[in-house]
Amino acid sequence: MTSSVEEIAEIRDSVRKLCAKYGEDYWLELDRKGGFPTEFVSELTTSGFLTVLIPEEYGGSGLGVLEGAAVMEEICRSGAHAGACHAQMYVMGSVLRHGSEAQKRRYLPAIAAGELRLQTFGVTEPTTGTNTTSLKTTATRDGDDYLINGQKVWISRIEHSDLMVLLARTTPADQVAKKTQGLSAFLIDLREAVGNGLEIRPIESMINHHSCELFFDNLRIGADTLLGKEGEGFKVILDGMNAERILIASECVGDGRYFIDKAVSYANERVVFDRPIGMNQGVQFPIARSYTEVEAAALMVDKAARMFDAGEPCGAEANMAKMLASEASWKAGDVCMQTHGGFAFAKEYHIERKFRETRLYQIAPISTNLILSFVGEHVLGMPRSF
Ligand SMILES: Cc1cc2nc3c(=O)[nH]c(=O)nc-3n(C[C@H](O)[C@H](O)[C@H](O)COP(=O)(O)OP(=O)(O)OC[C@H]3O[C@@H](n4cnc5c(N)ncnc54)[C@H](O)[C@@H]3O)c2cc1C
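Counting from 1, residues in each chain are numbered in the order their sequence is written. For this predicted model, a pLDDT threshold of at least 70 governs which residues receive local features, and a threshold of 80 or more governs which side-chain atom pairs are given and counted, while totals over whole chains, interfaces and linings are taken from all residues.

**Here we look at the overall build of the protein chain**
Inference 1: Strands here are runs of E lasting at least two residues and helices are runs of H or I lasting at least four, both read from the DSSP assignment and numbered beginning at the N terminus. Assigned secondary structure in the protein chain consists of twelve helices and ten strands.
Inference 2: Over its C-alpha trace the protein chain gives a radius of gyration of 21 Å, about what one expects of a compact globule, namely 21 Å for 386 residues.
Inference 3: Within the protein chain, buried positions represent 46% of all 386 residues.
Inference 4: Residue pairs are scored as contacts if the distance between their C-beta atoms, which are placed from the backbone, is within 7 Å. Summarising the internal contacts of the protein chain: among those between residues at least 6 apart in sequence, 73% fall at separations of at least 24. We compute the radius of gyration from the C-alpha atoms alone; for a globule the expected value is 2.2 Å times N to the 0.38, where N is the number of residues. The exposure label follows from counting other C-beta atoms within 10 Å of a residue's C-beta, where the C-beta atoms are placed from the backbone and the thresholds are 20 or more for buried and 12 or fewer for exposed, leaving partly exposed in between.

**Regarding the environment of Asn-242**
Inference 1: As for its placement among the helices and strands, Asn-242 is situated in helix 8 (residues 233-269).
Inference 2: Asn-242 gets classed as buried once you count the C-beta atoms within 10 Å, which come to 25.
Inference 3: Put simply, Asn-242 and Ala-304 are 62 residues apart on the chain and 8.7 Å apart in space, counted from C-alpha to C-alpha.
Inference 4: If we skip the residues at most four places from it in the chain, Asn-242 touches Phe-308, Cys-314, Gly-315 and Ala-318.

**A word on the site of the ligand**
Inference 1: Around the ligand, a shell composed of 22 residues is seen, among which Val-123, Gly-129, Thr-130, Ser-367 and Phe-386 lie nearest.
Inference 2: Elements supplying a minimum of two residues to the shell around the ligand: strand 1 (118-122), strand 3 (145-156) and helix 12 (368-379).
Inference 3: Of the residues that constitute the shell around the ligand, the class distribution is eleven nonpolar, eleven polar and no charged.
Inference 4: An automatic or database domain assignment provides the domain bounds reported here. Counting contributing residues, the shell around the ligand receives three or more from each of domain 2 (119-231) and domain 3 (235-379). In this entry, near means the residue's backbone-placed C-beta atom lies within 6 Å of the molecule or strand. Lys, Arg, Asp and Glu make up the charged group, whereas Ala, Val, Leu, Ile, Met, Phe, Trp, Tyr, Cys and Pro make up the nonpolar group; the residues left over, Gly among them, are polar.

**Description of helix 4 (residues 65-77)**
Inference 1: Along its 13 residues, helix 4 runs 18 Å from first to last C-alpha, staying within 8% of the 18 Å computed at 1.5 Å per residue.
Inference 2: Positive phi appears at Gly-79, one or two residues downstream of helix 4, with a value of about 105 degrees. The span one expects for a helix is its residue count, reduced by one, times 1.5 Å.

**As for unusual backbone geometry**
Inference 1: Note that the residue after Ala-364, namely Pro-365, is joined by a cis bond; omega there is 0 degrees.
Inference 2: Inspection of the secondary structure puts Pro-365 in the loop between helix 11 (351-359) and helix 12.
Inference 3: Positive phi outside glycine occurs at Asp-274, with the angle close to 65 degrees.
Inference 4: Despite not being glycine, His-350 has its phi angle at roughly 70 degrees, a positive value.
Inference 5: You can see His-350 is positioned in the loop between helix 10 (315-340) and helix 11.

**Comments concerning the domain arrangement of the protein chain**
Inference 1: Once the domains are mapped, the protein chain shows domain 1 (5-117), domain 2 (119-231) and domain 3 (235-379).
Inference 2: Here the C-alpha centre of domain 3 lies 21 Å away from the C-alpha centre of domain 1.
Inference 3: Domain 1 puts 27 residues into the contact, and the matching count from domain 3 is 26 residues.
Inference 4: When residues in the side of domain 1 that touches domain 3 are grouped by element, the largest group, ten residues, is from helix 4.
Inference 5: Residue composition of the side of domain 1 that touches domain 3, by class: twelve nonpolar, nine polar and six charged.

What follows is the structure in structure tokens.
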């Protein structure tokens, strides 16, 4: 059952209190040295916030995406970088909806207890990018096992995860009626895989997101790692995507509100030409406009989350929420930078870090063009554009 307004306010309040222990300097320091917020993620897990989506029978809180979205939004609004933890929430959806009872019993209670980390999903490949169904990584049946060969790119948090959901092709694309067929999803134990057919190379990148390249060379995994049915892995991944889009959108709302808070307070306190800069319409109006856009996006996130939790089809709403929120947070970041003038560039003001971080969400986990093509084709009924 969906939480009441008061219950969600309580969740928000508790997350805020937890985040307050990890101030912005904590995140700046991690950003500087490329560190991982191990203590933060572990406290978030043991406090139950990262496991809200796990049903109570498996040790979680049994709540919905609406509550998960509130958690992610508050994390981002506090100045934190949620990239270190968000995937644990939505990757779980694939196990919850498609895992066998044995897989759920084996993994979910341990994840809920913080003993196992499911932080990674491996979909993107260097040569096929957004065209997921063309991916080239293969899983070939070999007795009771599968052998994995191929390459992935931008796979985040893998060095800080025990498990990974991997998408690979089990039947060649020219032997299936539709390209979405013949792909399979696997739940791989990284503690056994790394160094035994799986090599990981970190990518130096614009934000502290712990993304890596993966190289599979005859990685042997048991057939019991299959999530759902062989050949139906695209559905396993797709099913988790609406939750992912909604949760990422809620992070953008959190980023947007963070930027607006910072911009308003600086506009009120910074005095130039003997008056607060916020007295100038040229400073005040962009902040007000940006606030309006973030709040509008928040409504779409709320709508998509409620539809998801009610079990209604929400592909359009989840995509639109993600697009609107990622654009609103980016604009809010730009306005916040402009309001701070030169000081926006000083790392100790934290804005430039958040500005870099929120930029990601117009590209990953799905880029804006792909959302527009989804809306154009599937919602508005125009011809497929590619
Ligand atoms: C920091 C970071 C973390 C990530 N983490 C993960 C992860 O954990 N796991 C994972 O699997 N992936 C991850 N990704 C990958 C991410 O999902 C992809 O980068 C994203 O989906 C875009 O794919 P691409 O980079 O291959 O872009 P491409 O597919 O090469 O596209 C490049 C540009 O062209 C546009 N474009 C392409 N085709 C069309 C078309 N037909 N019409 C209009 N425009 C088009 C796209 O919109 C995009 O702007 C991550 C990426 C980053 C940067």
